[in-house]
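Here is how the chains run, residue by residue.
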Amino acid sequence: MTPDVKLSLLDRSRTRAGEPDDATLRHSVARALRAEGLGYHRFWVAEHHAVPGIASGSPPVLIAAAAARTDRIRLGSGGVMLPNHRPLVVAEQFAMLEALFPGRIDLGVGRSLGFTPPVRRALHAAATDTFADDLAELRAYLSGTAPITARPRLDRDVPVFVLATGKGLAVAGDAGLPVVVGGPILSDDALGPMLDDYRSRARAAGGEPYVIVSTDVLIADSPQEARELALPEAWAMAVSRTTGEFPALEPAEPGREMTGRQRTTVERTIARTVHGTEDAVAEQLDDLVTRAGADELLASSSTFDRAALADSDARLARLLRRH
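Predicted model only: the values in this text are computed from it and were never measured.

A. Unusual backbone geometry, seen in detail. Of the consecutive residues glycine 78 and glycine 79, the connecting peptide bond is found in the cis state with omega at 0 degrees. Here glycine 79 is to be found in strand E3 (residues 74-81). Following arginine 151, the chain continues into proline 152 via a peptide bond in cis, with omega recorded as 5 degrees. The topology assignment puts proline 152 in the loop between helix H5 (131-143) and strand E5 (160-163).

B. Region of interest: the packing of helix H8 (residues 223-243) against helix H9 (residues 260-272). In the contact formed by H8 and H9, the axes pass within 8 Å of each other and the chain directions differ by 135 degrees. For the element pair H8 / H9, the angle class is oblique. Crossing of H8 over H9 shows right-handed handedness. Across the interface between the two elements, Arg227, Ala230, Leu231, Ala234, Trp235, Met237, Ala238, Arg241 and Thr242 from H8 touch Arg261, Gln262, Thr265, Val266, Glu267, Thr269 and Ile270 from H9. In terms of residue class, the contact of H8 with H9 is built from eight nonpolar, four polar and four charged.

C. Structural detail: the environment of valine 45. Mapped onto the fold, valine 45 is located in strand E2 (residues 42-45). Placed 82 residues apart in sequence, valine 45 and alanine 127 show a C-alpha to C-alpha distance of 26 Å. In this view, valine 45 contacts Leu10, Asp11, Pro59, Leu62, Ile63, Gly76, Ser77, Gly78 and Gly79; residues no more than four positions away in its chain are not counted.

D. Examining helix H2 (residues 59-69) more closely. Of all the positions in H2, only Pro59, Pro60, Leu62, Ile63, Ala66 and Ala67 are classed as buried. Considered in projection along H2, the buried side chains sweep an arc of 160 degrees and stay on one side of the axis. Relative to its buried face, H2 has exposed residues pointing more than 90 degrees away, namely Val61 and Ala68. Structurally, H2 contributes buried residues whose contacts are with helix H1 (21-38), E2, E3, helix H3 (87-100) and strand E4 (105-110).

E. View of the layout of surface pockets. Of the voids in this model, the largest pocket is the one considered here, and its volume is about 1600 Å³. Along the walls of the largest pocket sit 49 residues, with Arg12, Gly182, Gly183, Pro184 and Ser300 positioned nearest its centre. Of the volumes computed, that of the second largest pocket is approximately 390 Å³. Around the second largest pocket sit 17 residues that line it, and Leu82, Pro83, Asn84, Ala126 and Asp134 are the ones nearest its centre. Grouping the constituent residues of the lining of the second largest pocket by class yields eight nonpolar, five polar and four charged.

F. Highlighting the pattern of salt bridges. Enumeration according to the criterion identifies 24 salt bridges in this entry. Among the salt bridges present, the one from aspartate 287 reaches arginine 291, with a minimum N-O distance of 3.2 Å. Of this pair, aspartate 287 and arginine 291 both sit in helix H10 (residues 278-292), four residues apart, which is roughly one turn of that helix. Residue classification places aspartate 287 among the partly exposed residues on the basis of a relative accessible area of 43%. For arginine 291, a relative accessible area of 38% puts it in the partly exposed group.

G. Seen up close, H8. Along its 21 residues, H8 runs 30 Å from first to last C-alpha, staying within 8% of the 30 Å computed at 1.5 Å per residue. Bending of H8 peaks at approximately 35 degrees at the position of leucine 231, with proline proline 232 no more than four residues after it. Buried within H8 are the following residues: Ala226, Leu229, Ala230, Leu231, Pro232, Glu233, Ala234, Trp235, Ala236, Ala238, Val239 and Ser240. Phi turns positive, to about 80 degrees, at glycine 244, one or two residues after H8.

H. Fine view of the environment of methionine 81. Position of methionine 81 among the secondary structure elements: in strand E3. A sequence separation of 82 residues divides methionine 81 from leucine 163, and the C-alpha atoms of the two residues are 9.3 Å apart. Those residues in contact with methionine 81 that lie beyond four places of it in its chain are Glu47, Gly110, Arg111, Ser112 and Leu163.

I. The arrangement of the side chain of arginine 315 in detail. If you trace the backbone, arginine 315 turns up in helix H11 (residues 306-322). The exposure class assigned to arginine 315 is buried, which follows from its relative accessible area of 12%. Among the polar contacts listed, one links the side chain of arginine 315 to the side chain of aspartate 311, at a separation of 2.7 Å.

J. Focus on the pairing of strand E6 (residues 179-182). Across two bridges, the pairing between E5 and E6 is parallel. Among the inter-strand pairings, leucine 163 is bridged to a residue of E6, identified as valine 180. Considered for its hand, the β-α-β crossover made up of E5, helix H6 (residues 167-175) and E6 is right-handed. Regarding topology, helix H7 (residues 191-204) serves as the crossover connection from E6 to the parallel strand E7 (residues 211-215), and that connection is right-handed.

K. Focus on a positive patch on the surface. On the surface, a cluster of positive charge is made up of Arg241, Arg261, Arg268 and Arg272. A per-element tally of the positive patch places H9 first, with three residues. With respect to the helices, strands and loops of the structure, arginine 272 is situated in helix H9. On the accessibility criterion, arginine 272 (36% relative accessible area) is partly exposed.

Here is what the cut-offs are and how they apply
Residues numbered from 1 in each chain as written. Predicted model: local features only at pLDDT ≥ 70, side-chain atom pairs only at ≥ 80, totals over all residues. Heavy atoms only, no water. Helix = DSSP H or I, 4+ residues; strand = E, 2+ residues; numbered from the N terminus. Axes fitted to C-alpha atoms, helices over the stretch in contact; angles between N-to-C directions. Parallel < 35°, antiparallel > 145°, perpendicular 65-115°, else oblique. Left-handed = near helix turned anticlockwise from the far one by under 90°. Contact = heavy atoms within 4.5 Å. Nonpolar A, V, L, I, M, F, W, Y, C, P; charged D, E, K, R; others polar. Buried < 20%, exposed > 50% of the residue type's maximum accessible area, 1.4 Å probe, protein only. Arc of directions from axis to C-beta. 1 Å grid on protein atoms, 1.4 Å probe; cavity = no way out; pocket = protein on both sides within 12 Å on 5 of 7 lines; lining within 4 Å. Points joined across faces, edges and corners; volume = space filled by probe spheres on them. Salt bridge = Lys/Arg side-chain N within 4 Å of Asp/Glu carboxyl O. Expected span 1.5 Å × (residues − 1). Bend = angle between axes of the 7 residues up to and from the residue. Polar contact = N/O pair within 3.5 Å; in protein donor to acceptor, adjacent residues only side chain to side chain. Pairing = 2+ DSSP bridges. Right-handed = clockwise from strand over helix to strand, strands pointing away. Patch = residues over 30% accessible without salt bridge, like charges linked within 9 Å, V, L, I, M, F, W, Y side chains within 5 Å. Areas by Shrake-Rupley, 256 points an atom, 1.4 Å probe, with all protein chains shown as cover. Lys, Arg positive; Asp, Glu negative; His and termini not counted. Charge placed at Lys NZ, Arg CZ, Asp CG, Glu CD.

Fair warning: the whole summary comes from geometry, so function is off the table for now.
Set out below in structure tokens:
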């Protein structure tokens, strides 16, 4: 990774088996503090509702807690899901955060709905896709150009980022906004052309294209140790595909019995995780950043062993300093 590429962390407040949710949130705040000490550019948190494996359903609250404990690192959402909220309320929340912690707040927004049908019903999720309109309304409140004034009124902008795949890339481009890209699209042969189209749209809209790639990254002393760090998340994904419920992380069990379908999911999830020794991970990330023409890497890794995760975060930060 070149020094021109910024390095950031996304923490999803992943719960651990046998641990209360409130401990998970305290660990998220502690991780933000460590990330600042390691020199990371941003620390973002996520939004998930009624998911057993994730403790945070309210990014603004967790951002405030992390911002109160840190001094310099940028804090933000990866992201707030606009279909779950009124744009005015989101604008008010992030304007308040920016007023309290000036120059340190980012607003990443996405279009995902709740994880299961009961959650979507509880969120009163709309059946129609109004993301582009909601995004425009949100930005109008933040810029002070809406019919009503969101308070507190600021004399500076809150940076807005769009979490996108497929159609979302076009929405981000047409809005002239930075984009965050992650998931299976990163290994798609069409990634380059899709990002080229995004950049063309962003420039046409008068914006400055900015691409953040988000992927899981885990670093250890050996390939086998790194694989074992990836296993808890991969197993949780396999369970979710079997039961429909995304569970808390469990300790790695390399010899765990699995169905054929579960093993396929585990291997596919591990394959999408950038993992290995520092040298191996550096090579993989260089390739990803080059293919995407990325301006920033947002690492979204998690594992059951918190000490190993902290060590992996530190090793990843060292990669940038090596160049």
